[in-house]
Amino acid sequence: MKKRIRAVQQILQEMGLYNGQIDGIAGPITRKAIQTNQEIDPALPMTRQITAFIQIEAKKRGIDAGPVDGLWGPRTSAAFDELLYQLEYETPQPVWRPDEISIPNPNNWPVQQTDQFLNVFGERGSQLVMINLPYEMKLSWDLRIRTRRTQCHTKVADSLGRILQKVLEIYGEDEISNLQLDHFGGCYNDRVMRNGTAWSMHAWGLALDFDPRRNALNWGRDRAALARPDYYDWWKCWEEEGWISLGRKRNFDWMHVQAARLPE
Ligand SMILES: [Zn+2]
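## Side note on helix H4 (residues 74-89)
- In this model, H4 (16 residues) spans 23 Å end to end at C-alpha, consistent with the 22 Å of a helix rising 1.5 Å per residue.
- Among the residues of H4, those classed as buried are Thr76, Ala79, Phe80, Glu82, Leu83, Tyr85, Gln86, Leu87 and Tyr89.
- Elements in contact with the buried residues of H4: helix H1 (2-14), helix H3 (46-60) and helix H7 (232-240).

Next comes the structure, spelled out in structure tokens:
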């Protein structure tokens, strides 16, 4: 509820109707400002008035929030996510059509779990090399530990180096740190995929994870930090080299990027 009230306060403030704190508390100033909207029935309980206000503001911006009834359902919830996005970025969320993201394959990465894949990359853990990172990273599970090296498959080392170098050129060290692009969740790791059947691309040193805390496995683009526009250039760096983001292609595991294609 606090998040909703904060959004309402922000909108009211932009309309010049509210000059109190953006604190997520529906105090008297907030209530009064909401009730300046003639479409909202002042007899409704405050929670419904707040929801109605959100529905009206979503509608104004062309977002489908369903009828203005002050009731919080899935349609209002989805509209609210879009409204929050627009309040932050002042533009609608780009329509997400993962099948239309075409990713070139200049390094001819093979499709995971195929014979060709094994021909190219060999047995798990068999062709690892230690590489230097162009900027310092922090280990996501203990941010006090910093590293400038990681182990990866020897056949992806050059590509990985070029990508990270480009990220450094585009963002610079300060922005990398602000955006937590240096929160490193690891590369080589001899383990199975998280759904527990096949070997993970990490077991060949072909995958890296970034900022796992803000890109949890089951989060979609509405929650994952790496789905935001600030990171478009980041994804461009990877995709130009043919690396695949599970987030960008499948809308889960946004932390994960790999030098292997997905089966179509
Ligand atoms: Zn991963």
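Still more ground to cover, so stick around.
## Description of the packing of aromatic side chains
- A full pass over the atoms with the stated rule returns 13 aromatic pairs.
- Here Tyr85 and Tyr89 contribute two aromatic rings whose centre-to-centre distance is 4.7 Å and whose plane-to-plane angle is 45°, an arrangement assigned as tilted. Residue Tyr85 and its partner Tyr89 are located together in helix H4, separated by 4 residues, close to a single helical turn. Exposure class is identical for Tyr85 and Tyr89. Each is buried.
- On the numbers, 5.2 Å between centres and 65° between planes, the contact of Phe117 with Phe121 is edge-to-face. Residue Phe117 and its partner Phe121 are both found in helix H5 (residues 115-121); the two are separated by 4 residues, about one turn of the helix. Side by side, Phe117 and Phe121 carry an identical accessibility label, which is buried.
- A connected cluster of aromatic rings, assembled from ring pairs, spans Trp109, Phe117, Phe121, Phe184, Trp204, Phe210, Trp234, Trp235, Trp238, Trp243 and Trp254.

## Considerations on unusual backbone geometry
- Unlike most non-glycine residues, Glu90 shows phi in positive territory, near 55°.
- Structurally, the position occupied by Glu90 is in the loop between H4 and H5.
- The phi dihedral of Asn251 is positive, around 60°, even though this residue is not glycine.
- If you trace the backbone, Asn251 turns up in the loop between helix H8 (246-250) and strand S6 (256-258).

What counts as what
Residues numbered from 1 in each chain as written. Predicted model: local features only at pLDDT ≥ 70, side-chain atom pairs only at ≥ 80, totals over all residues. Heavy atoms only, no water. Helix = DSSP H or I, 4+ residues; strand = E, 2+ residues; numbered from the N terminus. Expected span 1.5 Å × (residues − 1). Buried < 20%, exposed > 50% of the residue type's maximum accessible area, 1.4 Å probe, protein only. Contact = heavy atoms within 4.5 Å. Phe/Tyr/Trp six-rings, centres within 6.5 Å; stacked < 30°, edge-to-face > 60°.

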